[in-house]
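# Analysis of the macromolecular model
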Amino acid sequence: LFLLRFGLIGVGVALLLGTIASNICHLIYFSLGLGKKSAASNESGQTESFSGQSTMAIHAGLKDMLVPYGIDNFTAENLTNGSSTHSFLIRYGKNDTKVLRIYGEKSKTREQVQQEIDFMRYLNERGVPVPHIVPNSYDQYVTTHSVSGMPRHYVLMAFEPGTHPEEYTAKLIKQMAQQQAAIHIHGAAFAKTQRRYRGNRKPRRSDLLLGLTPTGY
């Protein structure tokens, strides 16, 4: 409706109004205590196997993956995984702890993973609290290893200790919104430096729409 009536500017206004409405709903939701974490939720490591392999096979595969980082004697805990990644908490040495993130077989190309890491490092350099990415022995931030004949891309990052809040207060929501706004603003600046990832493709309508979306507040 906004597009038909006001054109692309109307779409930008609609997106802005939608963002404001969403933030208001979240504020009301959490202010009423509905955002308390369920005691029954499982935030600990899961027993779900990696690619259907046994625990011994998983450990052997992780050992090969950690060779480029000089890590040999370690323990691994399977963390809550995303839809396209597997994450393991790696403990080694005296008190060293890292997180190994393994991307799905067909989820992202190596170039796409590298772009994601470049953005994380870009945010870190500008004071946004994101995990530090650990380079391998080849001074690369993305490593590739063959698992069951398929190349799997993965990264190793610092473990940032912390706890999940029991409830989301108005103060916490404001802090989250400020951090999200900072990420959006830096993201817009970072995107302008990424022409090498877009190649020579022609501008699309979505590129114009992104220029009208809110970048923070």
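In this text, all values refer to a predicted model and were calculated from it rather than measured experimentally.

## Remarks on the overall build of the chain
- Regarding its fold elements, the chain presents seven helices and six strands.
- Starting at the N terminus and walking to the C terminus, you meet the elements of the chain as α-α-α-β-β-β-α-β-β-β-α-α-α.
- Among the 217 residues that make up the chain, the fraction classed as buried is 27%.
- Intrachain contacts of the chain at a sequence separation of at least 6 include 60% that bridge at least 24 residues.

## So, the environment of Gln115
- Here Gln115 is to be found in helix H4 (residues 110-125).
- By relative accessible area, which is 27% here, Gln115 ends up partly exposed.
- For Gln115 and Val142, which are 27 residues apart along the polypeptide, the C-alpha to C-alpha distance reads 10.0 Å.

## Things to note about H4
- Counted at 1.5 Å a residue, the expected span for H4 with its 16 residues is 22 Å, and the 22 Å between its end C-alpha atoms agrees.
- Inspection of H4 places Val113, Glu116, Ile117, Asp118, Met120, Tyr122 and Leu123 among the buried residues, and these make up the whole buried set.
- Of the residues flanking the end of H4, it is Gly127, one or two places downstream, whose phi is positive at about 85°.

## Focus on the confidence of the model for the chain
- Averaged over every residue, the pLDDT of the chain is 76; the share at 70 or more is 61%.
- Ranking the elements of the chain by mean pLDDT puts helix H1 (residues 2-6) last with 47 and strand S4 (residues 133-134) first with 95.
- Between residues 37-49, whose pLDDT stays under 50, and residues either more than four places distant or in other chains, the model counts 19 contacts.

## Thoughts on the pattern of salt bridges
- Evaluation of the coordinates by the stated rule reveals five salt bridges.
- Its salt-bridge partner being Lys108, residue Glu116 comes within 2.3 Å of it at the nearest N-O pair.

## Digging into the pairing of strand S5 (residues 143-147)
- Where S5 lies against strand S6 (residues 150-158), five bridges are found, and the strand directions are antiparallel. Counterpart to Thr144 in the pairing with S6 is His153.
- Where S5 folds back onto S6 in an antiparallel hairpin, the turn is made up of two residues, including Ser148, whose phi is positive at roughly 55°.

## Some words on the nonpolar core
- Counting residues in hydrophobic clusters, the biggest one holds 16 residues, and the most contacted among them are Leu62 and Leu100.
- Counting residues per element, the ones that place at least two in this core are helix H3 (55-66), strand S2 (85-92), strand S3 (96-103) and S6.
- Sorting elements by how many residues they give to this core places H3 first, with four residues.
- When residues no more than four places from it in sequence are discounted, the contact partners of Leu62 are Phe74, Ala76, Phe88, Leu100 and Ile102.
- Counting residues in hydrophobic clusters, the runner-up holds eleven residues, among them Leu89, Tyr103, Ile133 and Val142.

## Points about unusual backbone geometry
- The phi dihedral of Asp139 is positive, around 60°, even though this residue is not glycine.
- Along the polypeptide, Asp139 turns up in the loop between S4 and S5.

## Some thoughts on the packing of H4 against helix H5 (residues 170-191)
- Relative to each other, H4 and H5 sit at 120°, their axes nearing to 10 Å. In terms of orientation, H4 and H5 fall into the oblique class. Every pair of crossing elements has a handedness; the one defined by H4 and H5 is right-handed. Between H4 and H5, the contacting residues are Gln115, Asp118, Phe119, Tyr122 and Leu123 on the first element and Ile183, His186, Gly187, Ala189 and Phe190 on the second.
- Residues that form the contact of H4 with H5 fall into these classes: six nonpolar, three polar and one charged.

## As for the packing of aromatic side chains
- Following the criterion strictly, the structure yields three aromatic pairs and no others.
- Ring centres of Phe119 and Phe190 lie 5.1 Å apart, and the angle between their planes is 45°; on these two criteria the pair is classed as tilted. Linking Phe119 in helix H4 with Phe190 in helix H5, this pair joins segments that are 71 residues apart in sequence.
- The exposure class assigned to Phe190 is buried, which follows from its relative accessible area of 8%.
- Pairwise contacts between aromatic rings join Phe119, Tyr122 and Phe190 into one cluster.

Rules used in this analysis
Residues numbered from 1 in each chain as written. Predicted model: local features only at pLDDT ≥ 70, side-chain atom pairs only at ≥ 80, totals over all residues. Heavy atoms only, no water. Helix = DSSP H or I, 4+ residues; strand = E, 2+ residues; numbered from the N terminus. Buried < 20%, exposed > 50% of the residue type's maximum accessible area, 1.4 Å probe, protein only. Contact = heavy atoms within 4.5 Å. Expected span 1.5 Å × (residues − 1). pLDDT = per-residue confidence, 0-100. Salt bridge = Lys/Arg side-chain N within 4 Å of Asp/Glu carboxyl O. Pairing = 2+ DSSP bridges. Core = buried A, V, L, I, M, F, W, Y, C linked by side-chain atoms within 4.5 Å. Axes fitted to C-alpha atoms, helices over the stretch in contact; angles between N-to-C directions. Parallel < 35°, antiparallel > 145°, perpendicular 65-115°, else oblique. Left-handed = near helix turned anticlockwise from the far one by under 90°. Nonpolar A, V, L, I, M, F, W, Y, C, P; charged D, E, K, R; others polar. Phe/Tyr/Trp six-rings, centres within 6.5 Å; stacked < 30°, edge-to-face > 60°.

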